[in-house]
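The lines below spell out each chain.
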Amino acid sequence: MNKKYVPANSLISPRFAEVNTFMRLPNVKTTEDIDYAIVGIPFDTGVTYRPGQRFGPNAIREISSLIKPYNVPQNVNVAETLSGVDYGDVSVNPGYIVDTYERMEAGLLPIVEGGAIPICLGGDHSITLGELRAIAKVHGPVALVHFDSHFDTIDEYFGKKYNHGTVFKRALEEGLIDVKHSIQVGMRGTFYSADDLNGSRDFGFEVITSFEMREIGIEETIKRIIDRVGAKKAFLTFDIDFVDPAYAPGTGTIEVGGWSGADALHMVRSLKDINFVGYDMVEVLPAFDPSQITAFLAANIVFEFISIIALQKK
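These notes cover the structure that comes with them. (Residues numbered from 1 in each chain as written. Predicted model: local features only at pLDDT ≥ 70, side-chain atom pairs only at ≥ 80, totals over all residues. Heavy atoms only, no water.)

### Overview of the overall build of the protein
Along its length, the protein carries 10 helices and 10 strands. Over its C-alpha atoms, taken along the principal directions, the protein stretches across nearly 55 × 40 × 40 Å. Per-residue burial over the protein gives 57% buried out of 314 residues. As presented, the protein carries roughly 12,900 Å² of accessible surface, and 54% of it is formed by carbon and sulfur atoms. Here the protein contributes 29 positively and 41 negatively charged side chains, and the mean placements of these two sets differ by 4 Å. (Helix = DSSP H or I, 4+ residues; strand = E, 2+ residues; numbered from the N terminus. Buried < 20%, exposed > 50% of the residue type's maximum accessible area, 1.4 Å probe, protein only. Areas by Shrake-Rupley, 256 points an atom, 1.4 Å probe, with all protein chains shown as cover. Lys, Arg positive; Asp, Glu negative; His and termini not counted. Charge placed at Lys NZ, Arg CZ, Asp CG, Glu CD.)

### Points about the packing of helix α3 (residues 97–113) against helix α4 (residues 127–139)
For the pair α3 and α4, the least separation of the axes is 8 Å and the interaxial angle reads 40°. The pairing of α3 with α4 is recorded here as oblique in orientation. For α3 against α4, the interelement crossing comes out right-handed. Residue-level contacts link Y101, M104, E105, L108, L109, V112 and E113 of α3 to I127, L129, G130, E131, R133, A134, I135, K137, V138 and H139 of α4. Here the residues of the contact of α3 with α4 are counted per class, giving 10 nonpolar, 2 polar and 5 charged. (Axes fitted to C-alpha atoms, helices over the stretch in contact; angles between N-to-C directions. Parallel < 35°, antiparallel > 145°, perpendicular 65-115°, else oblique. Left-handed = near helix turned anticlockwise from the far one by under 90°. Contact = heavy atoms within 4.5 Å. Nonpolar A, V, L, I, M, F, W, Y, C, P; charged D, E, K, R; others polar.)

### Here's the deal with the sheet that holds strand β1 (residues 36–41)
Read across the open sheet, the 8 strands follow the order β4-β1-β5-β10-β9-β6-β7-β8; overall the sheet is parallel. At either margin of the open sheet sits one strand with a lone partner, and together these are β4 (84–89) and β8 (206–208). Averaged over all neighbouring strand pairs, the angle between strand axes comes to 15°, with direction disregarded. Pairing of strand β6 (residues 143–147) with strand β9 (residues 233–239), which is carried by 5 bridges, proceeds in the parallel orientation. Of the residues in β9, the one forming a bridge with A143 is A234. The strands touched by α4 within the sheet are β1, β5 (117–122), β9 and β10 (275–282), with β10 carrying the most contacts at an inclination of about 165°. (Pairing = 2+ DSSP bridges.)

### Details of the nonpolar core
One finds F147, F238, F242, I301 and I306 to be the most contacted residues of the largest nonpolar core, which totals 56 residues. Considering every element that reaches this core, the biggest residue donor is helix α10 (residues 293–313), with 12 residues. Setting aside anything within four residues of it in sequence, one finds I301 in contact with F238, I240, A264, L265, V268 and M281. (Core = buried A, V, L, I, M, F, W, Y, C linked by side-chain atoms within 4.5 Å.)

### A word on the packing of helix α1 (residues 56–63) against α10
In contact at an axis separation of 8 Å, α1 and α10 are set at 75° when each is read in the N-to-C sense. By the angle class used here, α1 and α10 are roughly perpendicular. Contact residues: α1 offers A59, I60 and I63, while α10 offers A295, F296, A298 and A299. Grouping the constituent residues of the contact of α1 with α10 by class yields 7 nonpolar, no polar and no charged.

### Some remarks on the pairing of β1
The buried fraction of β1 amounts to 6 of the 6 residues, a majority that puts the element mostly inside the structure. Side chains Y36, I38 and G40 of β1 all project onto a buried face; the interleaved residues A37, V39 and I41 project onto the opposite face, where all are buried too. Here β1 pairs with β4 via 5 bridges, running parallel. Each bridged residue has a counterpart across the sheet, and for V39 the counterpart in β4 is G88. Alignment of β1 against β5, held across 6 bridges, turns out to be parallel. Each bridged residue has a counterpart across the sheet, and for A37 the counterpart in β5 is P118.

### Describing the environment of E102
Structurally, E102 can be placed in helix α3. On the accessibility criterion, E102 (51% relative accessible area) is exposed. Along the backbone, E102 and V92 are 10 residues apart, and their C-alpha atoms lie at a distance of 9.3 Å.

### Description of the pattern of salt bridges
One pass over the full model with this rule turns up 19 salt bridges. Among the salt bridges present, the one from R224 reaches E220, with a minimum N-O distance of 3.1 Å. Taken together, the residues span about one helical turn, with R224 and E220 both in helix α8 (residues 218–229) at a distance of 4 residues. The partly exposed category is assigned to R224, whose relative accessible area is 31%. What emerges from the salt-bridge pattern is a single network uniting D155, E156, K161, K169, R170 and E173. (Salt bridge = Lys/Arg side-chain N within 4 Å of Asp/Glu carboxyl O.)

So, in structure tokens, the structure goes:
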């Protein structure tokens, strides 16, 4: 690796200066000399309730200037260990989800083929299908680690096959996921019927609902995630509504009874030995959180993604 891309030094240039990028990384569209790339996917045509997630990437980038490069619990400095860029945004087509999937796959494929790890900022959860298509072209079917309050495995919504609630049903049908090593964590809320609880399990996912997590505890939940994935290559998708709306109100389909920001950070940190080849953070809706707490939590979880990459490189 010849050139190294690192965040700007906030002791030299203040955090509120310059163009917003994630953690003030250089905005460079390159696949050379990088370990990871931050990619915005500002698309929210797949939502079924409150829109506005298209503004999530910019909100996360703006507040991420507060994050410093040294991760205390993980004892790693990402700037010293890694080279990374803010790659910019995929050129989405608002209102046209199928076309946007093609654009996503084409936009992300060079990053994956170049050996870097994409970290995508959404956008609603429908975007994960396009990401998985690019990932699978290089790595084959991957284990899915899915933090969410919803399963997102329904077959259709108003007769349509593509939205943020159908994404993992489509991913299974397309052979993008190794379901025997995949797990969904945190599902909660009310359901149309008891059958809703069994859909993902019937497809082969291991599921740990929030109700079960309360019984077995977070440490046992972490153990089950690690055991489920094993040595497989994996993709981590994090819907911010996994977190209770008391901690993350800026999202489209809130569910009460969730987890704290500290719980979420701890769980992600604890997955440091899994072989992740891609990550995303989805469903941040800044209009419903003018305090920026939701976006800041999302940015810190993304920082934990980067820290895992750094730890594994060390």
